[in-house]
Amino acid sequence: MVQGFFSVSVMCLLFLFAAISDLQASPFLKGNHNLPDSATAIHLDKKTDISEGFGSRIIDSGAPVSKTDSEEVRCLPANDLSNTLVYLPGISPSATDGTGLQSQLSIRGFRNLLGSESVILMVDGIPINDQEIGFVSWNFLPLSIISSIEVLRGGSSALYGDPAVGGAINLRTEINKKRVIAVKTGIGSFKNQTKSVVYGANSEKVNYSLYINDRRGDGYRENSNWRSTTFGGRVNINLRNNSSLGLSIYNQLLNFGIAGPASERMIKEDPKASAPCYHHDEIENNRHLFKLDFKQKVDKKTNLEAVLAYSLKKLKETKSFAEPPLALDPFNLKPIDVYDTTLYANTLKRSVSDDHGGISIRIFHNNPQVGFKLIGGVEADLNIFDNSVNKLFKGFEYDYQKGYQEIYEPEFAGNGFRFRSAAFISSQIRIFDNLNFFAGLRYDNISEDFSSDIPVADTSMTRTYNALSPRLSLNLSSGETFNYKGNIIISYSNAFKLPTIYQRTDLTRLSHAVFYPAGSGTYQMEVIQGAPFSNGELKQQYNKNYELGINQFYRFSEKFAGEISLTGFVIDVKNEIDFDYKNLKYVNHQETRHAGLEVMISLLYKNSWKGFININSVKATVGTGMFKGKYLPNAPGLSQSIGVVYSPDHGVGGSLVHHGASGIYIDIENSSKLDAYGVLSTRINYRYKWLTLNFDVNNILNNSYSTNGYLLNETRFFYPAAGRSLYFGLQITI
């Protein structure tokens, strides 16, 4: 990590020295402001509507938000969204597959056990989170169709409801060119292959895009092969009477193997190996999203929007749950030791069908004369699900190697629905020329019904949730000129998160092998039935968010500029949802606190050189109970991404980037900690008219590390990340 950090630091210092030397010689400082403005890529001037719901510049927003355009992404050593997230402000991804394709995000210390239970992911404003089990495919869209990535950090339930306690991410898919045809192909380590075609056009009356993308590879570890095929498109037609009609269709056919965690012993022997009990594990997830939207300009100040959305998901998951068997005291049944490091596992096959339909109606009003903006609306959606689980096999690793045979014994079956209705309002009021007040309020009513006949007949669970989520913030401008702009933001908000349907209702039970001392150094084995992971008594999680942010932009010369954004936050949480590895059950922590600082620094030189530093410092601790003062597991205490990017219009460009994290405990007792890690990567590209060539080297120093892990039965398990990998890509754009 030190070597990688040193390398990038040297690059940053060289970059800064060159820029300052140019600044000293520049007539800019002598008052000549008629020179060409070549440092124009100002992040704070970008427009986004993710923070308040109506379009505004980032510097005019009342919340910490960032926007990364596709042109910024193309020079980073990443070929999909999941591996791009590590370079975005405020985000700390981890992965269980070794190559970052199966990401779990941590934002402000809120980790996402199944992908995205604390962050809402949207495509053009439409949520694609899985309400049933919390799974999300971060690569639902290929990078080639994403025009920008908007990230709103912090509790965002005042606008988006559940589960946006950590923040919100919106993927934009606009086609800004009159006509584009892009063909992309690539090959890399672990037999990675990419084939992609995008076609789009934009005119006064119609704009549309079509795409198909196929990516596949063997993965870094044994049984981590994967394939993702995505295809779809969008069309928007400008009608008469200042109205428009849009249709979007997105599809993903995803299949990947699950290598499973590895013990320290396994990693020392072969980090690529997978335990025999995981050799049959895989996920097949097919998802289809349809969106129909209608927009009407009512008058010069008011717009109306209506959206219909429907998604269909079919999930088939074969997954094994393995643990070292325990030796128990026969009198009190308490663990006295780990009997053996040989794993005992249960293999289950889950089938999930999920239909999700929704409607939203929004009205936008903007009166620039008085400095007033308003968005209000109502939403309703219905999620119908069916979930069944079959036992396939159970036994020790030796049994899996010599006698694996699937039995298909029904273990659990249930179905039900979750219905949500909500009303919200968000506004901006200009109090003075340099002071804006933001106020938002959302009310959610959610009801769910679940019924099951397996394992217990006539099982029924019904629950209703209510949540009122306000948000108040002030944006004080510290000035805005050609050479400087800045502001100070202070805000307060409430946010909430519901237990996923899986966390509350799944009654699947595991078998556990235990051993009792039988005298003379011998043991007697017994297989016992455990309790379900789910917890029907789980409560909804509430957050109180306090934020203070500062954004500053300085133009030092006509060629050199810099930006800095600092955001401090304190989040008091009630009933934070977590998984207890000791008792193998989802639980609520009565009180927790997340506090920290986010730093984003950007240096721009000649509009083709960029240096960036993103630092996230978070302290997420338990506030009550036997673990009071302990850090929440798998929440990085410190994470960073640093890089230098050279992106000319033509010719050779590239980037040198570094990311890493430290302070990651893997158990609630804080007895075990991941080693700090750092990864240095680079991309070299060449652009000539219609041709672009990319060459990536990830993990240049071939470091060994893990971004995720847990402690179970006094045994540490990790998900080892890939070593050095290469990728070569070619794109033809017409």
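Along each chain, residue indices are assigned from 1 in the same order as the chain's sequence is written. Confidence filtering applies because this is a predicted model: local features only for residues at pLDDT of at least 70, side-chain atom pairs given and counted only at 80 or more, and all residues used for totals across whole chains, interfaces and linings. With hydrogens and water excluded, all non-hydrogen atoms of the structure serve as input to the side-chain values.

**Notes on the nonpolar core**
Line of reasoning, step 1. If you look at the biggest cluster of nonpolar residues, it comprises 42 residues, and the most contacted ones within it are Phe256, Cys277 and Phe533.
Line of reasoning, step 2. Secondary structure elements are defined from DSSP: runs of H or I of at least 4 residues count as helices, runs of E of at least 2 residues count as strands, and each element is numbered from the N terminus. Put simply, the parts of the chain that give this core at least two residues each are strand S15 (243–257), strand S18 (302–323), strand S21 (344–367), strand S22 (372–396), helix H7 (501–505), strand S30 (560–580), strand S37 (706–712) and strand S38 (715–720).
Line of reasoning, step 3. A total of four residues in this core trace back to one element, the largest contributor, which is S22.
Line of reasoning, step 4. Residues Val73, Ile91, Ile126 and Leu143 belong to the second largest nonpolar core, which totals 30 residues. In plain words, nonpolar cores are sets of buried Ala, Val, Leu, Ile, Met, Phe, Trp, Tyr and Cys residues tied together by side-chain atoms within 4.5 Å. The buried label goes to any residue with under 20% of its type's maximum accessible area, the exposed label to any with over 50%, and the partly exposed label to all in between, with areas taken from a 1.4 Å probe on protein chains only.

**Re the sheet that holds strand S27 (residues 511–519)**
Two pairing modes exist for strands in a sheet, parallel and antiparallel, and in both the strands are linked by backbone hydrogen bonds.
Line of reasoning, step 1. As summarised here, the arrangement of the four strands in space is S20-S19-S27-S28, forming an open sheet in which the pairing is mixed. Strands at the two margins of the open sheet, each flanked by one partner only, are strand S20 (335–338) and strand S28 (522–529). Recorded for the sheet is a direction-independent mean angle of 35° between the axes of neighbouring strands.
Line of reasoning, step 2. Two strands are said to pair when DSSP picks up at least two bridges between them. Sheet analysis places strand S19 (residues 326–328) next to S27, joined by two bridges and oriented parallel. Each residue of the ladder has a partner; that of Ala327, found in S27, is Phe515. Fitted lines through C-alpha atoms give the axes, limited to the stretch in contact for helices. The angle between two N-to-C directions lies from 0 to 180 degrees.

**Details of the environment of Val151**
Line of reasoning, step 1. Tracing the backbone through its elements, the reader meets Val151 in strand S9 (residues 148–153).
Line of reasoning, step 2. Here, two residues are considered to be in contact whenever any of their heavy atoms come within 4.5 Å of each other. In this view, Val151 contacts Ile50, Pro64, Val65, Ser66, Leu88, Pro89, Ile91, Ala168 and Ile169; residues no more than four positions away in its chain are not counted.

**Re the confidence of the model for the chain**
Line of reasoning, step 1. pLDDT measures the predictor's confidence residue by residue and takes values from 0 up to 100. Across the chain, pLDDT averages 90, with 94% of residues at or above 70.
Line of reasoning, step 2. Predicted confidence for residues 1–39 stays below pLDDT 50, and this span has 70 contacts to residues more than four positions away or in other chains.

**Considerations on the sheet that holds strand S5 (residues 103–107)**
Line of reasoning, step 1. Read across the open sheet, the three strands follow the order S4-S5-S6; overall the sheet is antiparallel. Either end of the sheet is taken by a strand with one partner, and the two such strands are strand S4 (92–95) and strand S6 (110–111).
Line of reasoning, step 2. Strand direction decides the pairing type here: S5 and S6, joined by two bridges, are antiparallel. Bridging from a neighbouring strand, Ser106 pairs with Arg111 of S6.

**Here we look at the pattern of salt bridges**
Line of reasoning, step 1. We count a salt bridge whenever a side-chain nitrogen from Lys or Arg sits within 4 Å of a carboxyl oxygen from Asp or Glu. This structure, assessed with the given rule, holds 40 salt bridges.
Line of reasoning, step 2. Asp444 is the salt-bridge partner of Arg420, the closest N and O atoms lying 3.8 Å from each other. Of this pair, Arg420 sits in strand S23 (residues 409–432) while Asp444 sits in strand S24 (residues 435–454), placing them 24 residues apart in sequence.
Line of reasoning, step 3. The exposure class of Arg420 is buried, given its relative accessible area of 16%.
Line of reasoning, step 4. Overlapping salt bridges, with partners in common, bring together Arg362, Glu379, Asp381, Arg420, Arg442 and Asp444 in one network.

**Structural notes on the pairing of strand S13 (residues 206–217)**
Line of reasoning, step 1. Bridge analysis of strand S12 (residues 192–202) against S13 gives ten bridges, and the strand direction is antiparallel. Bridging across to S13, Ala201 finds its partner in Tyr208.
Line of reasoning, step 2. Between S12 and S13, which pair antiparallel and follow one another directly, the connecting turn spans three residues.
Line of reasoning, step 3. Of the pairings in the sheet, the one linking S13 to strand S14 (residues 226–239) comprises twelve bridges and is antiparallel in character. Directly across from Tyr208, in S14, lies its bridge partner Val235.

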